[in-house]
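Residue-level listing of the chains:
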Amino acid sequence: MSLYNIFDAHAHYDDARFSDDLPELLTALPAKGVVGVISCGVNTETSQFAAHLAATYDYIYAAAGFHPLNLADVPENPTEILRELLKNPKTVAVGEIGLDYYYEKATRDAQLRLFEQQLQVANELSLPVIVHDREAHEDTLRLLKQYKPRGVVHCFSGSVEMAKEVLKLGMYIGLGGAVTFKNAVKPVEVAKIVPQDRLLVETDAPYMTPVPFRGKRCDSGHIAYTAARLSEIRGEDTQALLDYTAENARRLFGINM
Ligand code: NI
C-alpha cells in the first residue's frame, strides 16, 4: 500500500504508550504517507506537550483544551489558561472538549459548564473546536446549535439524523478506526451520507486501532486501513478519499501547505 496525503485529524501523542519510542515513531510517519496530524490536549500539561511536538515536527499541529473526563485537572481559571495555551502559533484548535456521559454521568453539570466556557473562547478567537461526544448526543447537539462553532465532532457515534443536524451547522464529521470494527453499525451508516467536503479521517491514537490491528497501539500510519474501509463503504477510491479529507483538515484548521 503506497498511500500518501494522510492527515490524521485527531491523535494523542502525549500518551504514555508512546513514551518509549516517540521520536522514532514521529520521525518515521512522513515516510508512511502522513502529511498532517492534530495532536490534541486533554488538560494543561498535554496541551503544552502537543504544542511542543508541533514546534518539533513540521507536520504536527496542536489543539488545546480540557477534556470532560479530566475534570480533576481543570484549573480554577480554565478560560484564562486556555487563552494562554491558544497563543501558540501552531495550536490551531480548541480540543479535545465535550461531554462524556458514558464514563461520567454524575459530573454532567460540571462538564456542561466547562464545555460552554470553551465553546465561548473558541468563538471569541474564531478557532475551530474538536468535540468529544459519548452518550451525550442531545446535550452536545443543543450546545452546538446554541454556539454554532466551526469544528468537528470527532469519532462520531451519533445517528444519521444527528449527523445531518451537525452538517447543517456547517461542521465536519470525524471518523476513525470504529468503521472497521465488525459490530460497527452507526458509524458505517453515517459514513455513507457525509459529503466529501465535510469528512475528516482520524485515529484517536493510541486508541481505536483499526482492524486488523485491533488491540495493538494505534498510530497515524494505521489510517490507511481506516481510509480503505471508508472508501469501500462510500464506493470511492482510497487515495481520493485521503486527498479530499486532507484538504478538508487544512481548510478547517487553517493550515496552508
Ligand atoms: Ni481523543
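To be clear, the structure that these remarks concern was listed above.
Positions within a chain are numbered from 1, following the residues in the order the chain's sequence is written. Predicted model: local features are reported for residues with pLDDT of at least 70 only, side-chain atom pairs are reported and counted for 80 or more only, and whole-chain, interface and lining totals are derived from all residues. As a rule here, side-chain values cover all heavy atoms of the structure and leave hydrogens and water aside.

Student: Help me understand the side chain of Thr245, please; the structure alone is not making it clear to me.
Tutor: Position of Thr245 among the secondary structure elements: in helix 9 (residues 238-253). Throughout, exposure labels follow a simple rule: accessible area from a 1.4 Å probe, protein chains only, divided by the maximum for the residue type, with under 20% read as buried, over 50% as exposed, and the rest as partly exposed. We classify Thr245 as buried; its relative accessible area is 1%. Residue contacts are counted whenever heavy atoms from the two residues lie within 4.5 Å of one another. In contact with Thr245, other than residues within four places in its own chain, are Leu199, Leu200 and Val201. Each helix is a run of H or I in the DSSP string that is no shorter than four residues. Each strand is a run of E no shorter than two, and both are numbered from the N terminus.

Student: Can you help me understand the environment of Val129 in this one?
Tutor: Tracing the backbone shows Val129 in strand 5 (residues 129-134). A relative accessible area of 0% places Val129 in the buried class. Each C-alpha atom, one on Val129 and one on Phe181, is 26 Å from the other, the two residues being 52 residues apart in sequence. Those residues within four positions of Val129 in sequence are excluded, and the remaining contacts are Val94, Ile97, Leu119, Ala122, Pro149, Arg150, Gly151, Val152 and Met171.

Student: Just checking my understanding: could you explain the coordination of the nickel ion for this structure?
Tutor: Six octahedral donors around a metal ideally make angles of 90 or 180 degrees; four tetrahedral donors ideally make 109.5 degrees. For the nickel ion, the full set of protein donor atoms is His10 (NE2), His12 (NE2), Glu96 (OE) and Asp204 (OD), and the range of their distances to it is 2.1 to 2.3 Å. Coordination geometry of the nickel ion: the four donor atoms subtend angles of 84 to 173° at the metal centre, consistent with an arrangement described as irregular. Distances define the donors: N, O and S atoms within 2.8 Å of the metal qualify, as do those within 3.2 Å of Na, K or Ca. Water is excluded, so some sites may look unfinished. Sequence spacing of the donors to the nickel ion: H-x1-H-x83-E-x107-D. Of this pair, His10 sits in strand 1 (residues 6-11) while Asp204 sits in the loop between strand 8 (199-201) and helix 8 (223-234), and the two are 194 residues apart along the sequence. The exposure classification of His10 matches that of Asp204, with both residues buried. Irregular is the label for any site that misses the other tests, which are tetrahedral for four donors with all angles between 85 and 135 degrees, and square planar for four donors or octahedral for six when opposite donors exceed 155 degrees and the remaining angles lie between 65 and 115.

Student: Looking at this structure, how should I read unusual backbone geometry?
Tutor: Glycine aside, residues mostly have negative phi, and peptide bonds are mostly found in the trans state. With an omega of 10°, the peptide bond running from Ala205 to Pro206 counts as cis. Structurally, Pro206 can be placed in the loop between strand 8 and helix 8. Each neighbour pair has its own omega, and for Val211 with Pro212 the value is 10°, a cis peptide bond. With respect to the element layout, Pro212 can be found in the loop between strand 8 and helix 8. Positioned with a positive phi, Ser126 is a non-glycine residue whose angle comes to about 55°.

Student: What should I look at first to understand the pattern of salt bridges in this one?
Tutor: Between side chains of opposite charge, pairing is possible as soon as their charged atoms come close. For salt bridges, the criterion is a side-chain nitrogen of Lys or Arg within 4 Å of an Asp or Glu carboxyl oxygen. For the structure on display, the rule yields 13 salt bridges. One connected set of salt bridges, linked through shared partners, spans Arg108, Asp109, Asp139 and Arg142.

Student: Honestly, the environment of Asn123 in this entry has me stumped. Any pointers?
Tutor: By the element assignment, Asn123 lies in helix 4 (residues 108-124). Expressed as a C-alpha distance, the spacing of Asn123 and Tyr147, which sit 24 residues apart in the sequence, is 7.8 Å. Those residues within four positions of Asn123 in sequence are excluded, and the remaining contacts are Tyr147, Lys148 and Pro149.

Student: Would you explain the packing of aromatic side chains in this entry?
Tutor: Any pair of aromatic rings gets described here by the distance separating the centres and the angle formed by the planes. In this scheme Phe, Tyr and Trp rings, the latter by its six-membered ring, pair at centre separations within 6.5 Å, and the angle between planes marks the pair as stacked below 30 degrees, edge-to-face above 60, and tilted otherwise. A complete count under the given rule lists four aromatic pairs for this structure. Centroid distance Tyr13 to Phe18: 4.8 Å. Interplanar angle 55°. Geometry classified as tilted. With a relative accessible area of 1%, Tyr13 lands in the buried category. Residue classification places Phe18 among the buried positions, given a relative accessible area of 1%. Each ring, one from Tyr57 and one from Tyr59, has its centre 6.3 Å from the other, and the planes form 65°; the classification is edge-to-face. Assessed through its relative accessible area of 15%, Tyr57 is described here as buried.

Student: Where do I start with helix 7 (residues 186-193) in this structure?
Tutor: Residues spaced three or four apart along an α-helix point in a common direction, a consequence of the helix completing one turn every 3.6 residues. Inspection of helix 7 places Pro187, Val188, Val190 and Ala191 among the buried residues, and these make up the whole buried set. The buried residues of helix 7 all sit within an arc of 160° when viewed along its axis, so they share a single face. Summarising the contacts, the buried residues of helix 7 are in contact with helix 6 (160-168), strand 7 (172-175) and helix 8. As used here, the arc is the angular range of directions from the helix axis to the C-beta atoms.

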